[in-house]
Amino acid sequence: RSSLRSTDERQVDFGIRRFRLSAGPQREILETASIAFVTGFNAAISSSPAGLAASLSELPELQRGHALEGAGMAVTVVDLLAFGRNRRLRALLAGPGRGHPHLVLAGAGRAYASLHRRPARLVRSMPPDRATHPALRWLAWDGYGFQRGFFSSDQAIGQQRVPRRLTAEQRALFDQGIG
């Protein structure tokens, strides 16, 4: 078990994030997806892989992908802080995240952004296997951009601040993540 704290679901409230989306079905869908993300993050932090799989199975089908993205972020944060060489991320990709590697890897990119690191090492270090086609690993840059846009929107969107020294491909994926 990790000593990392769970994330508070209130952090995804669009009012707190200052997103201008009126109350209604679209906002509810997006906030529900964000809560599923936090649920996956918290489950990955506080339980074993089997416990994570059980938590995911309790969610409606439409929310599991978002929860796997949150789980991808959580296990990557733990791997980075514990110098785990992607051990937990690989276990997630081989286990509960096997059918959704694109979402797990986007979550991994969000972890890098939250720790103010770039996912270039992740993209290079993940060995090719049947679950994670090399092209999917680039989605870490998408998640990286999304995290920066969601939690640092004043800089990433308002000031259009982009991390330095990105390749053209990395910049395009970063921009895609911002939306």
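The structure displayed is predicted, hence computed values, not measured ones. Here the residue index of a chain counts from 1 through its sequence in written order. Local features in this predicted model are restricted to residues of pLDDT 70 or higher, and side-chain atom pairs are both shown and tallied only at a pLDDT of 80 or more, whereas totals for entire chains, interfaces and linings draw on every residue. Side-chain measures were taken over the full set of non-hydrogen atoms in the model, leaving aside hydrogen atoms and water.

Scanning the protein chain from N- to C-terminus turns up 10 helices and zero strands. Per-residue accessibility, obtained with a 1.4 Å probe over protein chains only, is compared with the maximum for each type, and a residue is labelled buried under 20%, exposed over 50%, and partly exposed between these values. For the protein chain, with 179 residues in total, the buried portion stands at 42%. Counting contacts in the protein chain only where the partners sit at least 6 residues apart, residues at least 24 apart contribute 64% of the total. Computed with the Shrake-Rupley method and a 1.4 Å probe, the accessible areas treat only the protein chains shown as cover for residues. Accessible surface computed for the protein chain: about 10200 Å², of which carbon and sulfur atoms make up 53%. For the purposes of this entry, the term helix denotes a DSSP run of H or I that reaches at least four residues, the term strand denotes a run of E that reaches at least two, and both are numbered from the N terminus. Contact criterion: two residues are considered in contact whenever any of their non-hydrogen atoms come within 4.5 Å of each other.

A word on helix α6 (residues 101–114). Expected span of a helix: the number of residues minus one, times 1.5 Å. End to end, α6 covers 20 Å across 14 residues, agreeing with the expected 20 Å (1.5 Å per residue, within 8%). Summarising burial for α6: 11 of the 14 residues are buried, a large majority. Every buried residue of α6 is accounted for by Pro 101, Val 104, Leu 105, Ala 106, Gly 107, Ala 108, Gly 109, Arg 110, Ala 111, Tyr 112 and Ala 113. For α6, the elements touching its buried residues are α2 (25–46), α4 (61–81), α5 (87–94), α7 (120–125) and α8 (139–151). A positive backbone phi angle near 55 degrees is found at His 116, which sits one or two residues after α6.

Next up on the list: helix α10 (residues 168–178). Listed in full, the buried residues belonging to α10 are Gln 170, Leu 173, Phe 174 and Gly 177. End-on, the buried residues of α10 take up no more than an arc of 105 degrees, which puts them together on one face. Remark: Gly 179 follows α10 within two positions and exhibits a positive phi of approximately 105 degrees. Think of it as the arc spanned by the lines of direction from the helix axis to the C-beta atoms.

Before going further, it helps to spend a moment on the packing of α2 against α4. For the pair α2 and α4, the least separation of the axes is 6 Å and the interaxial angle reads 40 degrees. One finds that α2 runs oblique with respect to α4. Crossing hand, α2 versus α4: right-handed. Contact residues: α2 offers Thr 32, Ala 33, Ala 36, Phe 37, Gly 40, Phe 41, Ala 44 and Ile 45, while α4 offers Gln 63, His 66, Ala 67, Glu 69, Gly 70, Ala 71, Met 73, Ala 74, Val 75 and Val 78. Note on residue classes: Ala, Val, Leu, Ile, Met, Phe, Trp, Tyr, Cys and Pro are nonpolar, Asp, Glu, Lys and Arg are charged, and everything else, Gly too, is polar. When the residues that make up the contact of α2 with α4 are grouped by side-chain class, the tally is 12 nonpolar, five polar and one charged. Note on definitions: angles span 0 to 180 degrees between N-to-C directions of axes, and those axes are lines fitted to C-alpha atoms, for helices only across the stretch in contact. Comment on the angle field: the value is read as roughly parallel under 35 degrees, roughly antiparallel over 145, roughly perpendicular from 65 to 115, and oblique elsewhere. Crossing chirality is assigned from the near helix's rotation relative to the far helix, an anticlockwise turn below a right angle marking it left-handed and a clockwise turn marking it right-handed.

Between Lys or Arg on one side and Asp or Glu on the other, a salt bridge is scored when a side-chain nitrogen of the former is within 4 Å of a carboxyl oxygen of the latter. In this structure the tally under the stated criterion is four salt bridges. As a salt-bridge pair, Arg 88 and Asp 79 come within 3.0 Å of each other at their nearest N and O atoms.

Candidate patch residues must exceed 30% relative accessible area and have no salt bridge, after which like charges are joined if within 9 Å and Val, Leu, Ile, Met, Phe, Trp or Tyr side chains if within 5 Å. For this count, His and the chain ends are skipped, Lys and Arg are scored as positive, and Asp and Glu as negative. We put the charge of a Lys on NZ, of an Arg on CZ, of an Asp on CG and of a Glu on CD. Among the surface-exposed residues, Arg 85, Arg 117, Arg 121 and Arg 124 lie close enough to one another that they form a single positively charged patch. Relative to the helices and strands, Arg 121 resides in helix α7. Using a relative accessible area of 60% as the deciding quantity, one classes Arg 121 as exposed.

This part covers the packing of aromatic side chains. By convention, a stacked pair of Phe, Tyr or Trp rings (six-membered ring in the case of Trp) has centres within 6.5 Å and planes under 30 degrees apart, an edge-to-face pair has planes over 60 apart, and any other such pair is tilted. In the structure shown here, the tally under the stated rule is three aromatic pairs. The interplanar angle of 55 degrees and the centroid separation of 5.7 Å between the aromatic rings of Tyr 144 and Phe 174 together place this pair among those described as tilted. Here Phe 174 lies in helix α10 and Tyr 144 lies in helix α8, a separation of 30 residues in the sequence. The residues Tyr 144 and Phe 174 share a single accessibility class, namely buried. The interplanar angle of 15 degrees and the centroid separation of 5.5 Å between the aromatic rings of Phe 146 and Phe 150 together place this pair among those described as stacked.

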